[in-house]
Amino acid sequence: MHLWAFLLSALRSVTSGDRRYHLWMGSLTAIMLVGGYAYLVQANEGLIVTGMNNHVSWGLYISNMAFLVGVAAAAVILVMPAYVLHDVDFSRAVLIAEGVAVSALVMCLGFVMANSPGYPWKWWRLTPVIGLLNWPDSMLAWDVIMLNGYLVLNLAIPFYILYSHFVGREPSKKKYVPLIYVSVIWAVSIHLVTAFLFAGLPARPFWNSALLGPRFLASAFTAGPAFMILLLGFIGSQSRYAIPQVAIQKLATATTVAAQVNLVMLFSELVYEFYMPTHHGISARYLFFGLGEHHALVPWIRAGIFLNVAATLTLMIHPLRHNQRVLMVACATLFVGIWVEKGIGLVIPGFVPSPLGEIVEYTPTWVELCVTAGIWALGLFVLTILVRVALPIELGEVRSPYLEQETGTRIVRPRATRARYEDIRVRIR
Amino acid sequence: MSADRPVDLPEILDGTLLQKPVDRRDALGLLLGGVAASVAAVGACAPLNAATPEERELKLLEWEEFTQKHYRRMTEEERAETIARLERLAKLRHNEDCTIATTDAQPGVLFGYAFNVSKCKGYRRCVEACINENNLDRHQDTQYIRIFEMENGVVNLEEADPTYQHEVPAEGHFYLGTQCFQCANPPCVPVCPVGATWQEPDGIVVIDYNWCVGCRACMAACPYWARRFNWSAPEVPPEEVNPNQHYLGNRDRKKGCVEKCTFCIHRTRQGRLPACAEACPTGARVFGNLLDPNSEIRWVLAHKQVFRLKEELATEPRFWYFSD
Amino acid sequence: MRRAPRATTAICLVAVAWLTSGCQRDYVRWDQPPPGTAVLQIDSATAASNAILEPGVLATVQAVPVKRWKGPGNQPFDVALRSATPEAGHSRVFGSITLPIALRSRAAALSQYPCTSCHQGRKVVMANQRISDAHNNIKPVHPDQTGAVCSTCHSADDVELLALKSGERATLDESYRLCAQCHFEQAEAWAGGGHGKRLDGWEGRRVVMACADCHDPHNPAVQTRIPFRAPQLERTGGYHP
């Protein structure tokens, strides 16, 4: 009965808000519908409507997926200090981080489905007994297990904590802390496994290096916390759920360090590819300098690196990092820069040139752009819902109505109509 | 809450337009109403048509096709059932009368292929025969075989030209063809998350097209660019369809699955040469059983200086190149 | 810390041990079937009896055993004879198209066969220089290159036979015996399987083509031709509703 009340109150939290909120959710829904239409187009016609071809067989979808797995993994930056190191400053932010992880994972799964469309339920063939899951051979099979497991973990732990708070009791550390430890290791693993998906292919020398896994982690721990800082700043300014400034600063420090490591790895990659170039480095030459008249990615990667370097340098300067506005801009820049570098700057050059030396470039079509936009909208939609559910509970503003029967306290339930979000009060008599 | 607001200033000007509370019930009602309206609109444009008996049968067969097991887990009866269903589906979908075989690998047979770089003159007869033999998609111009025109003295595939369209052989050039090499250590097989591709005992790497989910990890993993994807539903003119098919080979494929050269599994398991080897006018292609010490392929391996592509990747392709 | 981390560490160690123990994939050589499959040695004779040839594969081809050469493994093999319909033995159906599979279009080159259609008796006086109105369809590229004249290869006392250096005579279907006199390397490769075409399947009776079936003996070099269409590298895909 508490559970039912939890779900109902969650629904209430999600559907009540001011015009700005409904406009936001409405726009996201509109974008999702456009994306859905584009998905139907590609499900009906086949992927020929995208810019992918037999040479560049993975494109915008897998690029986004690789990037978002990193964002999902980065929740560990908050989870670890909050639960394992008992850093109280992070305790308010950690639930939001897990929400980000969930929405990023939902996006990842969305992109995987968009990458091989048709009837989505064909993925039954991946299930172990009735289908065939090629584990432990296939890295993708590992990835399936890791992503879904991480999704379950990041749904289960916050749900347990929120539900416990909702029914007015403290969540039992014995129950969730072991899962936290598992999720910390799991978070690092999901991103390593996704990196191994690429790095484990000797056919693609651009990816086939030992550094790819660490690079993935470094860029994940840059982009994820950067997004978190933006989100936490937004939440702090729009609601009463304030995150202590010291937590934001710790996050910013973590982001900066990760960004620096990412740049060092990029530098290492550049030296490796260009000091004494071999045929193995031809994809890198295509990416950074172009090959003959094929140079579509060069402006992208140069812009991406410029954004990364500029943002990292900015964040390295102490007073600038402490300036809220500069921090936000730098984080947004870093997020975009990492997306360029790790998304399209990683997946596409792996296919150019093909293993037999043929060069076919890649340009996403409107179908891919719409589906991508739709999936990002879906992720933001899910994130908004999760934050919208979590915040009132964590602020102590929403509790199970059945509590008064159990504990003898009287709680005034917020009225369904005409209630402004800020006006919800809990009075205990 | 609005007591302090000036009475006659419209909301749009005093900045509270977006902060105006929205009645949740209204919002939900609007949402559901909108959904209902759009469903009605879409429904009006796409009437559900009453199914004819063929269409009902087609739908039922497609459902069975969708839920069929992995080929390797099927019993003999299930295989026979699957074949009957696929032949019937080909008839219903394309009005095609075909025979789909499920011939297993012959014991004691391991296929090997040798390509004579001196003899290939770049005619692409092999490509033409392959397209016709394997019912390859004409719309996307799927070609399993690639012939590269290379300059004498340069053995760099990146500088080779596969798109030549002039009289061949051209002076100062030689020709080298690639296709799936049916590697002994295939890098494409372990990466498949659903196990839709595997290596048969006679060495051919095959794909169960109905099990493939189309993730294209195998395409990323192949170092020889041997695999093709059906980006759209394959189209073969009905008069050009090859009706002698094999379940793991040249049968009707659908969009969304990967395919590749299977050494003409429908021919080679019947003792015939693959179409490319048989079509080559210059005899540049040698095919046979590696386990038979008296085969032509073994003679070539014993008496000619052979090389393979990307040997350092340890894929152990069963496709060698040699010259006169 | 407390109890939970110890348990988690134990579980992790066990998992790592289990994962690393069974995960090696055997390195397979090219001459081994995939792991887990049985290896039986089978020879050509058994393979021939196992062969399930489609009817009609060799029906259009008549063949005789090759003299004096043995195939791989010292196995005898057959060479195709000229047939009444030379195209039939030299083209195959692939899918729905028929492709000629020999290099040389035989019909035109054999337009003057049999010799006795002009030469009433078999014996002919062969001049060392070409008579102006004799066999003008033949371009003597190879004779000019090698300094040969007609009688170098063709027997003067029987125009339908070839003259070998040893003094023996070979039929026109045994062109390999003549060509092998100089092109012994190619003849070795031809007998072994690295040169020339095999007309049947990979198992079963080995029937190959003789030299003159692919190479015009008077102009043996491979001629140029226009190839089948090139692949499209840039795909013009996209959706245009």
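Residues numbered from 1 in each chain as written. Chains lettered and ligands numbered in written order. Predicted model: local features only at pLDDT ≥ 70, side-chain atom pairs only at ≥ 80, totals over all residues. Heavy atoms only, no water.

Caption draft 1: Structural view of the overall build of chain B. A tally of helices and strands in chain B yields nine helices and 12 strands. Expected size for 324 residues packed as a compact globule is a radius of gyration near 20 Å; at 28 Å, chain B overshoots this value by more than 25%. Sorting the 324 residues of chain B into buried and exposed places 60% on the buried side. For chain B, restricting intrachain contacts to residue pairs at least 6 apart in sequence, the fraction spanning at least 24 positions comes to 65%. Total accessible area on chain B is roughly 12,700 Å²; 56% of this is exposed by carbon and sulfur atoms. In chain B, which carries 37 positive and 46 negative side-chain charges, the distance between the mean positions of the two groups comes to 3 Å. (Helix = DSSP H or I, 4+ residues; strand = E, 2+ residues; numbered from the N terminus. Rg over C-alpha atoms; globule rule 2.2 N^0.38 Å. Buried < 20%, exposed > 50% of the residue type's maximum accessible area, 1.4 Å probe, protein only. Contact = heavy atoms within 4.5 Å. Areas by Shrake-Rupley, 256 points an atom, 1.4 Å probe, with all protein chains shown as cover. Lys, Arg positive; Asp, Glu negative; His and termini not counted. Charge placed at Lys NZ, Arg CZ, Asp CG, Glu CD.)

Caption draft 2: Molecular detail of the interface of chain C and chain B. On the side of chain B, 76 residues touch chain C, which itself brings 63 residues to the contact. Considering only the surface of chain C that becomes buried against chain B, W30, W202 and F228 of chain C emerge as the three largest contributors, covering 15% of it. Counting across the interface, chain C meets chain B through four salt bridges. Note that R229 of chain C and D141 of chain B form a salt bridge whose closest N and O atoms lie 2.8 Å from each other. (Buried area = accessible area lost by both parts, 1.4 Å probe. Salt bridge = Lys/Arg side-chain N within 4 Å of Asp/Glu carboxyl O.)

Caption draft 3: Focus on the sheet that holds strand β1 (residues 63-65) of chain C. Residues and elements named next belong to chain C. Spatial strand order, β1-β2-β7: three strands in an open sheet with mixed pairing. Single-partner strands in this sheet number two, and they are β1 and β7 (207-208). Here two bridges tie strand β2 (residues 78-80) to β7, and the two strands are oriented parallel to one another. By the bridge assignment, V79 is partnered in β7 with V208. (Pairing = 2+ DSSP bridges.)

Caption draft 4: Looking closely at the domain arrangement of chain B. Residues and elements named next belong to chain B. The assigned domain composition of chain B is domain 1 (14-101) and domain 2 (111-322). Taken together, the 19 residues of domain 1 in the interface contact 17 residues of domain 2. Taken over both partners, the interface formed by domain 1 and domain 2 buries close to 1,600 Å², and the fraction arising from carbon and sulfur atoms is 53%. Of all residues in domain 1, H70, Y71 and A101 bury the most surface against domain 2, accounting for 34% of the area lost on that side. Taken together, the links from domain 1 to domain 2 amount to one salt bridge. Linking K254 and E65 is a salt bridge whose minimum nitrogen-to-oxygen distance equals 3.6 Å. Remark: the boundary between domain 1 and domain 2 carries 10 residue pairs in polar contact (both at pLDDT 80 or more). Secondary-structure elements contributing two or more residues to the side of domain 1 that touches domain 2 are α4 (76-94) and β1 (99-101). Among the elements that line the side of domain 1 that touches domain 2, the one with the most residues is α4, at six residues. Its residues placed into classes, the side of domain 1 that touches domain 2 shows eight nonpolar, five polar and six charged. (Domains from an automatic or database assignment. Polar contact = N/O pair within 3.5 Å; in protein donor to acceptor, adjacent residues only side chain to side chain. Nonpolar A, V, L, I, M, F, W, Y, C, P; charged D, E, K, R; others polar.)

Caption draft 5: Helix α3 (residues 53-66) of chain B, seen in detail. Residue and element names in this part refer to chain B. Its 14 residues place the ends of α3 20 Å apart at the C-alpha level, agreeing with the 20 Å of an ideal helix rising 1.5 Å per residue. Along α3, the positions that sit buried rather than exposed are L61, E65 and F66. Taken around the axis of α3, the buried residues stretch over an arc of 135°, which confines them to a single face. Seen from the buried face of α3, the exposed residues on the opposite side, beyond 90 degrees, are P53, R56 and K59. Residues of α3 that are buried sit in contact with α4. (Expected span 1.5 Å × (residues − 1). Arc of directions from axis to C-beta.)

Caption draft 6: Main features of the side chain of T178 of chain B. Its location among the elements puts T178 of chain B in strand β4 (residues 173-178). Given the relative accessible area of 3%, T178 of chain B is considered buried. For T178 of chain B, the residues in contact, after removing those within four places along its chain, are L356 of chain A together with Y144, I145, R146, F148, L309 and Y321 of chain B.

Caption draft 7: Representation of the environment of D292 of chain B in the model. Summarising the element assignment, D292 of chain B is placed in the loop between β10 (285-289) and α9 (296-303). Overall, the relative accessible area of 6% leaves D292 of chain B in the buried class.

Caption draft 8: Looking closely at the confidence of the model for chain B. Looking at chain B, the pLDDT average stands at 89 and 91% of residues meet or exceed 70. Here residues 1-6 of chain B scores under 50 on pLDDT; set against residues more than four positions off or in separate chains, the count is six contacts. (pLDDT = per-residue confidence, 0-100.)

Caption draft 9: Structural context of the pattern of salt bridges. The final tally for this structure, using the stated rule, is 32 salt bridges over all chains. For R85 of chain B, the salt bridge identified is with E64 of chain B, shortest N-O distance 3.4 Å. Here the residue R85 of chain B occupies a position in helix α4, and E64 of chain B occupies one in helix α3, the gap between them amounting to 21 residues. Residue D157 of chain C pairs with R169 of chain C through a salt bridge whose shortest N-O separation is 3.5 Å. With D157 of chain C in the loop between α6 (150-153) and β5 (161-163) and R169 of chain C in strand β6 (residues 169-171), this pair connects stretches of sequence that are 12 residues apart. On the basis of relative accessible area, D157 of chain C is assigned to the partly exposed category, the value being 44%.

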